[in-house]
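Descriptive analysis of the structure
The chain contents come next:
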Amino acid sequence: MSPPCHTSALLLVFMALAVAGAEQLEERSCDVIGDESSESQMERALLKKLEPLSHMRFNVTVEKGKTENYIYHFRVCREVNNITHDFGGLVQTNRQSGKTTVIGRINETQVFNGSDWIMLIYKGGDSYGRHCSGEKRRAVIMISCKRGVTASSFSIISEEREKEQECFYLFEMDSSVACPAENSHLSVGSILLITFVSLIAVYIIGGFLYQRLVVGAKGMEQIPHFAFWQDLGNLVADGCDFVCRSKPRNTPAAYRGVGDDQLGEESEERDDHLLPM
């Protein structure tokens, strides 16, 4: 083989190895059951909402006497074992025999939600064998809202395998991703009031600084548009006087001073004795 051909072959081999390595490094994510075109916007939104949990791994150990001793490994929309590429999103390991059983696979995912919970379902697990008519296993994970906690309290609730069909494993965990968005407690009126007060504060402070630093005003003249507000106060007072007065302006006052009729007639000669003779 000529040197150029040999170099080209090596490059092709390296490129193939690089592509294979990239595929192994790239983790697969949840694939909702059905065609991609049939996925609803709600399902896509829920899967995106669960993304913060995808880098975490969860384990729980279950002991039932001496015969059943298992560890359950769970990942949110990721494979538990990236090497085997079996799509296993929830896997059971027998601690005694080391046997691994896939409970549910991420390529057969269903997702639902309520006001404060998200239900993630992995279907397509390994066959039950003699239980549940030999159907494939299924994992149901109930994620409940708990604010301030990324993820915690992963545990198994029960395994329903005594039925003829529709058997499942039920797990639960707490996470803030299942919580609804917190609405603002401020009403429209409160927002408008805060905006109005802020504008007034800016007007007063800005006008005061302008009058003092630029115009050079002193005392009350530092108040922005002082003459306008002074006139406005007088106009408001006159308006209140006009509107709120209960009697016409020409009506005598309610009080009366002491008149001449109350004092009686004075004697014309009361000071006569003071005159010189």
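The protein chain appears in an unreviewed UniProt entry as Cation-dependent mannose-6-phosphate receptor from Dasyornis broadbenti.

**Here's the deal with the state of the cysteines**
Where two cysteines share a covalent bond between their sulfur atoms, that bond is called a disulfide. One pass over the full model with this rule turns up three disulfides. The disulfide that involves cysteine 132 links it to cysteine 167, with 1.8 Å between the sulfurs. Across the S-S bond of cysteine 132 and cysteine 167 the torsion is about -100°, and the bridge reads as left-handed. Of the two residues, cysteine 132 sits in the loop between β5 (117–124) and β6 (139–145) while cysteine 167 sits in the loop between β7 (152–160) and β8 (168–175), which places them 35 residues apart along the sequence. Judged on exposure class, the residue cysteine 132 and its partner cysteine 167 are both buried.

**Topic: the nonpolar core**
In terms of nonpolar packing, the biggest core is built from 34 residues, with Tyr72, Phe74, Leu90, Tyr122 and Ile141 touching the most fellow members. Counting residues per element, the ones that place at least two in this core are α2 (41–49), β1 (57–64), β2 (68–75), β4 (100–113), β5, β6 and β8. Ignoring anything within four residues of it in the chain, the contact list for isoleucine 141 reads Phe74, Leu90, Ile118, Met119, Leu120, Tyr122, Phe171 and Met173.

**Quick word on unusual backbone geometry**
Not every positive phi belongs to a glycine, and cysteine 132 is a case in point at roughly 50°. What makes cysteine 132 buried here is its relative accessible area of 3%. Of note in this structure, serine 153 is not a glycine but carries a positive phi near 60°. Its location among the elements puts serine 153 in strand β7.

**Brief notes about the UniProt feature "transmembrane region" (unreviewed entry) in the protein chain**
Taking the numbering used here, the UniProt-annotated feature "transmembrane region" (unreviewed entry) corresponds to residues 186–210. Within residues 186–210, the helical portion is 92% and the strand portion 0%, while the C-alpha atoms at the span's ends are 34 Å from each other.

**Some details on the confidence of the model for the protein chain**
When pLDDT is averaged along the protein chain, the result is 81, and 77% of the positions lie at 70 or above. The model gives residues 18–24 a pLDDT under 50, and that stretch makes two contacts with residues more than four places away or in other chains.

**Topic: the pattern of salt bridges**
In total, this model carries eight salt bridges according to the counting rule given. Notably, a salt bridge pairs arginine 75 with glutamate 27, separated by 2.9 Å at the nearest N-O pair. Here arginine 75 is found in strand β2, whereas its partner glutamate 27 is found in the loop between α1 (3–25) and α2, with 48 residues between them in sequence. Here arginine 75 falls in the buried class, since its relative accessible area comes to 4%. Taken together, the shared-partner salt bridges in this structure form one network comprising Glu27, Glu51, Arg75 and Arg78.

**Remarks on the pairing of β1**
As defined by bridge partners, β1 adjoins β2 across eight bridges and the pair is classed as antiparallel. Paired with lysine 64 across the two strands is glutamate 68, which belongs to β2. Hairpin remark: β1 followed by β2, antiparallel, with three residues in the connecting loop; positive phi at glycine 65, about 70°.

**Some thoughts on the pairing of β6**
Relative to β6, β5 runs antiparallel, the two sharing six bridges. Within the sheet, the bridge partner assigned to isoleucine 118 lies in β6 and is isoleucine 143. Bridge count for β6 against β8 is seven bridges, and the pairing is parallel. From the neighbouring strand, alanine 139 faces β8, where its bridge partner is tyrosine 169.

**Structural notes on the side chain of glutamine 92**
In this fold, glutamine 92 is placed in strand β3 (residues 88–94). Since its relative accessible area comes to 7%, glutamine 92 is described here as buried. Within the structure, the side chain of glutamine 92 is placed 2.8 Å from the side chain of tyrosine 72, a separation counted as a polar contact. Residues within four places of glutamine 92 in sequence aside, it is in contact with Tyr70, Ile71, Tyr72, Lys99, Thr100, Thr101, Ile103 and Tyr169.

**A look at the sheet that holds β7**
The strand order β1-β2-β3-β4-β5-β6-β8-β7 describes an open sheet built from eight strands, whose pairing is mixed. Because the sheet does not close on itself, it has two edges, and the strands there are β1 and β7. Taking the axes of each pair of neighbouring strands and ignoring which way they run, one obtains an average angle of 25° across the sheet.

Rules behind the numbers
- Residues numbered from 1 in each chain as written.
- Predicted model: local features only at pLDDT ≥ 70, side-chain atom pairs only at ≥ 80, totals over all residues.
- Heavy atoms only, no water.
- Disulfide = S-S within 2.5 Å.
- Helix = DSSP H or I, 4+ residues; strand = E, 2+ residues; numbered from the N terminus.
- Buried < 20%, exposed > 50% of the residue type's maximum accessible area, 1.4 Å probe, protein only.
- Core = buried A, V, L, I, M, F, W, Y, C linked by side-chain atoms within 4.5 Å.
- Contact = heavy atoms within 4.5 Å.
- UniProt positions renumbered as here; feature names shortened; annotations may be inferred.
- pLDDT = per-residue confidence, 0-100.
- Salt bridge = Lys/Arg side-chain N within 4 Å of Asp/Glu carboxyl O.
- Pairing = 2+ DSSP bridges.
- Polar contact = N/O pair within 3.5 Å; in protein donor to acceptor, adjacent residues only side chain to side chain.
- Axes fitted to C-alpha atoms, helices over the stretch in contact; angles between N-to-C directions.

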